2 protein chains.
Amino acid sequence: MQLHELYSSLAIRNDNKLVVLLIDGLRGTSHEDYGYMTELEYATHPNIDRLASRSATGMLTPVLPGITPGSGPAHLGLFGLDPISFNIGRGVLEALGIGLVPEPTDVLARGNFCTVDDKGVIVDRRAGRIPTQICEQRLNLLRDIRVPRSDIELHAVQDHRFVLRLKGTDLDGNIANTDPGTVGAKPKPAKALAPGAETTANIVNAFVDQALDRLKGESGANALVLRGFSMLPNIPSFYELYGLRSAALAIYPMYKGLARTVGMDILDCGKTFPDQLRTLEAYWDRYDYFFIHYKYTDSCGEDGDFLSKVNHIENLDSCIDSIVRLDPAVLAITGDHSTPASLKSHSWHPVPLLLVSSTCRRDGSTAFTETVCAKGALGNMESKYLMGLLLAHALRLEKFGA
Amino acid sequence: MQLHELYSSLAIRNDNKLVVLLIDGLRGTSHEDYGYMTELEYATHPNIDRLASRSATGMLTPVLPGITPGSGPAHLGLFGLDPISFNIGRGVLEALGIGLVPEPTDVLARGNFCTVDDKGVIVDRRAGRIPTQICEQRLNLLRDIRVPRSDIELHAVQDHRFVLRLKGTDLDGNIANTDPGTVGAKPKPAKALAPGAETTANIVNAFVDQALDRLKGESGANALVLRGFSMLPNIPSFYELYGLRSAALAIYPMYKGLARTVGMDILDCGKTFPDQLRTLEAYWDRYDYFFIHYKYTDSCGEDGDFLSKVNHIENLDSCIDSIVRLDPAVLAITGDHSTPASLKSHSWHPVPLLLVSSTCRRDGSTAFTETVCAKGALGNMESKYLMGLLLAHALRLEKFGA
């Protein structure tokens, strides 16, 4: 029995509401320019700290020690799904990131325009990072390509990047990258990685052959490569699993998409955090579980901008009382992964967790920082266990066994 | 997917160097004669303590809570291999311990000379712990025994103990002990535990029959029993798994042997800890990962000699700066298991871990003791996760998932 099946088998319904406030890339690590503090330690956040005094705290390990997660595994873990068993492919994630709503029968791939020489050998894997507008123009050259047994959609992402979407029946995403991953090699033909994927590989090759033919005369972006062929994993919905009517308050498409994979309703929630909170209030009576995604901390971390990340933590803190006033039975504040400004990327460091509920044992925490949470009573657990813990604190899990 | 396969699938190469300083049997437990302190708490170790202030600390559970590991599982865990999946048999470990280099096709067993009465019933399982010299003499009586389909080697270990090594093709180590494990019973015939092991069992029995015949007239050590039949497990190398050029600096044969099972180069490193450290410096540019094994703490723990163990910790501390000066990207100081002087044996207690890297969050630790590490930010994790954590801190693991 997988973990989510165990939780699911015990789930019962009641009126208790759960709110997860996910601060993307929240966790930092010691920064030598700021007294070896993290962003969360450097920031002033009196309102969250006040919550800490009636909370239990701990740490979440997104996947396993040392593993730096992409956004896909990081979110699936928080939704109670083993992020190693339920892998979301690059093609699907890229599609979610631009707001596409893939069907379970679609195959998706991430495409890159690239530059090849007159022998077809790749000399620039990103075609000089052409502007998105040129990407659109090139895609327009390809949009009327027809291939038997599949409809093909092409969607620009940014710069040289696009999404290839194959729609059809009996498609199979077990296909190796055509991208050789290096300059000095030719794009590879699509190759089936499983017997059932032969037809899909043939469809891809038929498309690519025509596409390369049409791109041949162009300057710069005169070829393409594809990678991350994938299909939506067969993920059970929150309602099916836990009996939760669930809603996502996210601004960026990828996080809306990730929430959609577990069947959350995606609420139109404006463009700012206060907009998100107003939407929360407006829909408060209609759902049991709210997932609020706060993006800015991750972006600043990726940029290596320590002080901006600090600033966004402080901004968030100043708004937090409008969640607290709604008095959810369970409020969890955490991150999906770390994005330390000192590393300018996602990292493997476990993420602080603050859990507020009348069923918590108040563990003496008086602030929300890595230092406090690393000593918190909840200890350090894999993120996939959070969902069960939240349901438990909402008294939504029955006793296991007699 | 097994854990080492997950780490392996994400491993990338760079120039960052890793050093693991393994203090064998490091961990102690409260000793009533010394203010209920452990050896590590009682010892003075200012140099390691200074490192603590720029480290993150935690605890490693060698196998699982309550499990006391032998040296085999304890080391395999630290090398990133699940110590339950990869079992090193007693015969193989005994061979490694005397410096043999088993081939993957060899079958090895631990042998004991014993004493039987005139009905062949064991009356002393260790033949009065005969001196090693007598053990050698008895083995000389047996060395020209010939058996079809296998070459047989016999190597004295210590006292009544020896190693039986069968060399051949198609040998199989799935053979039950001939040692009944008690006095009052006869040595059992070797019995195949799997269909493929019948031939090997016949070889063993042919050898044992001749051996018992030759020993019959001797006094004291007049029979033998065999146990722990085993072959080298099929263990992937560090280079293959993690892309690490790795070297072991160990003085005792068994630890060289354990390091050899994961493909480390075994450096000739003298007879003392300062010798080991000079070797480290000499080979610094040639490897990515260094495993330094410090034995003396374990031996004193086994002897129940609290103060000697304290003394060896203090000696080690006085030399530590020559590692620090090399400025490894990641330095981990830990143990393979506990050997509390109060228990005079290995124990199950989790072992303190100190991890120094610029990518650490300094967790406020100011000393290296069980008390500090049990509250450290890294928490308590199974030893098998250490390898991934070290690779992560050396920025040698790619992101998992999109």
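How each quantity is defined
- Positions within a chain are numbered from 1, following the residues in the order the chain's sequence is written.
- Naming scheme: in the order in which they are written, chains are lettered from A and ligands are numbered from 1.
- Given that this is a predicted model, residues contribute local features only at a pLDDT of at least 70 and side-chain atom pairs are listed and counted only at 80 or more, while totals for whole chains, interfaces and linings are drawn from all residues.
- Heavy atoms throughout the structure, all of them, feed into the side-chain values; hydrogens and water do not.
- We count a stretch as a helix when DSSP gives it H or I for four or more residues in a row; a strand needs E for two or more, and each element gets its number in order from the N terminus.
- Only C-alpha atoms enter the radius of gyration, while the globule expectation follows 2.2 Å times N to the 0.38, with N the number of residues.
- Residue contacts are counted whenever heavy atoms from the two residues lie within 4.5 Å of one another.
- Each accessible area value is a Shrake-Rupley result obtained with a 1.4 Å probe; residue values ignore everything except the protein chains displayed when judging cover.
- We score Asp and Glu as negative and Lys and Arg as positive, and we do not count His or the chain ends.
- For charged residues, the charge sits on one atom: NZ in Lys, CZ in Arg, CG in Asp, CD in Glu.
- Buried area is understood as the total, over both parts, of accessible area removed when two parts are fitted together, assessed with a 1.4 Å probe.
- Basic side-chain nitrogens of Lys or Arg form a salt bridge, by our definition, when they fall within 4 Å of a carboxyl oxygen of Asp or Glu.
- Burial classes follow relative accessibility: with a 1.4 Å probe on protein chains only, a residue under 20% of its type's maximum area counts as buried, one over 50% as exposed, and anything between as partly exposed.
- By construction, the arc corresponds to the directions joining the helix axis to the C-beta atoms.
- For the least-squares superposition of copies, only C-alpha atoms count, and only for residues with pLDDT at least 70 in both.
- At least two DSSP bridges between two strands are needed for those strands to be called paired.
- Only the six-membered ring of Trp is used, alongside the rings of Phe and Tyr, when aromatic pairs are assigned; centres must lie within 6.5 Å, and planes under 30 degrees apart are stacked while those over 60 apart are edge-to-face, with the rest tilted.
- Think of it as a cone above the ring: NZ of Lys or CZ of Arg counts as a charge over the ring if it is within 6 Å of the ring centre and within 35 degrees of the ring normal.

K.L.:
Can you walk me through the overall build of chain A in this structure?
P.N.:
Across its full length, chain A carries 15 helices and 13 strands. A compact globule built from 402 residues should have a C-alpha radius of gyration of about 21 Å, and chain A, at 23 Å, falls within 12% of that. With respect to the principal axes defined by its C-alpha atoms, chain A has extents near 70 × 55 × 40 Å. Look at the contacts in chain A between residues 6 or more apart in sequence, and 74% of them connect residues 24 or more apart. Split by element, the accessible area of chain A, about 15,800 Å² in all, is 47% carbon and sulfur. Counting 40 positive and 47 negative side-chain charges, chain A places the centres of these two groups 2 Å from one another.

K.L.:
Any chance you could explain the interface of chain B and chain A here in plain terms?
P.N.:
Quoted interface sizes are often the accessible area lost when the parts come together. With 24 residues of chain B in contact, the opposing surface of chain A contributes 33 residues. Here chain B packs against chain A, burying approximately 2,200 Å² in sum over the two surfaces, 64% of which is carbon and sulfur. On the chain B side of the interface with chain A, the three residues burying the most area are B:R361, B:F400 and B:A402, jointly 37% of the side's total. Our enumeration of links across chain B and chain A arrives at 1 salt bridge.

K.L.:
I keep staring at helix α6 (residues 132–142) of chain A and nothing clicks. Help me out?
P.N.:
Helical periodicity: at 3.6 residues per turn, an α-helix aligns residues three or four positions apart in one direction. Residues and elements named next belong to chain A. If you check which residues of α6 are buried, you get C135, R138, L139 and L142. Along the axis of α6, the buried residues cluster in a sector spanning 100°; they form a single face. For α6, the elements touching its buried residues are β3 (107–116), β5 (151–158), β6 (161–167), α7 (198–215) and β7 (223–230).

K.L.:
How should the relation of the copies chain B and chain A be read in this particular structure?
P.N.:
Both copies of the chain are related through a single rotation about an axis accompanied by a shift along the same axis. Take chain B, turn it by 124°, move it 0.0 Å along the axis, and it overlays chain A with an RMSD of 0.2 Å. Taken together, these values place the two copies in the relation of a three-fold axis. Judged by C-alpha distance, B:K375 is the residue of chain B that lies nearest the rotation axis, at 3.7 Å.

K.L.:
Looking at this structure, how should I read the sheet that holds strand β2 (residues 55–61) of chain A?
P.N.:
The strands that make up a sheet are held in pairs by hydrogen bonds between backbone atoms, and each pair lies either parallel or antiparallel. Residue and element names in this part refer to chain A. Spatially, the 8 strands line up as an open sheet ordered β9-β8-β10-β1-β11-β12-β2-β13, and their pairing is mixed. The open sheet is flanked by β9 (265–266) and β13 (380–382), the only strands paired with a single partner. The pairing of strand β1 (residues 18–23) with strand β11 (residues 330–334) spans 5 bridges and is classified as parallel. The residue of β11 that forms the bridge with V19 is L331.

K.L.:
I keep staring at the pairing of β2(A) and nothing clicks. Help me out?
P.N.:
Working note: regular strand, side chains alternate between the two faces of the sheet. Residues and elements named next belong to chain A. Along β2, 7 of the 7 residues are buried, which leaves the element largely enclosed by surrounding structure. Residues of β2 alternate between two faces, with S55, T57, M59 and T61 on one and A56, G58 and L60 on the opposite face, all of them buried. In the sheet, β2 pairs with strand β12 (residues 351–357) via 6 bridges, with the strands oriented antiparallel. Each residue of the ladder has a partner; that of A56, found in β12, is L355. As judged from the 3 bridges shared by β2 and β13, these two strands associate in the parallel manner. Each residue of the ladder has a partner; that of L60, found in β13, is M381.

K.L.:
What am I meant to see in the sheet that holds strand β10 (residues 289–294) of chain B here?
P.N.:
Residue and element names in this part refer to chain B. Taken together, the 8 strands give an open sheet; going across it, the order is β9-β8-β10-β1-β11-β12-β2-β13, and neighbouring strands pair in mixed fashion. Of all strands in the sheet, those bounded by a partner on one side alone are β9 (265–266) and β13 (379–382). Bridge analysis of strand β1 (residues 18–23) against β10 gives 6 bridges, and the strand direction is parallel. Note on β10: the bridge partner recorded for L22 is H293.

K.L.:
When you look at the environment of A:G128 in this model, what are you seeing that I'm missing?
P.N.:
Residue and element names in this part refer to chain A. Its place among the elements puts G128 in the loop between β4 (122–124) and α6. Given a relative accessible area of 55%, G128 falls into the exposed group. Residues G128 and L355, 227 residues apart in the sequence, show an inter-C-alpha distance of 47 Å.

K.L.:
What should I look at first to understand the packing of aromatic side chains in this one?
P.N.:
When we look at a pair of aromatic rings, we describe it by the centre distance and by the angle of the planes. Going through the model one piece at a time under the given rule, you end up with 26 aromatic pairs over all chains. Relative to A:Y296, the ring of A:Y294 lies with its centre 5.0 Å away and its plane at 85°, an arrangement referred to as edge-to-face. This pair shows no difference in class: A:Y294 is buried, exactly as A:Y296 is. Pairing B:F238 with B:Y289 gives two aromatic rings, centres 4.8 Å apart and planes at 65°, and the pair type is edge-to-face. Of the two residues, B:F238 is situated in helix α8 (residues 238–242) and B:Y289 in strand β10; the sequence distance between them amounts to 51 residues. An identical accessibility class is assigned to B:F238 and B:Y289; each is buried. Three or more aromatic residues joined by ring pairs form one cluster here, namely A:F79, A:F238, A:Y242, A:Y289 and A:F291. Of note, A:K17 hangs over the ring of A:W284, and the distance from its end group to the ring centre comes to 5.7 Å.

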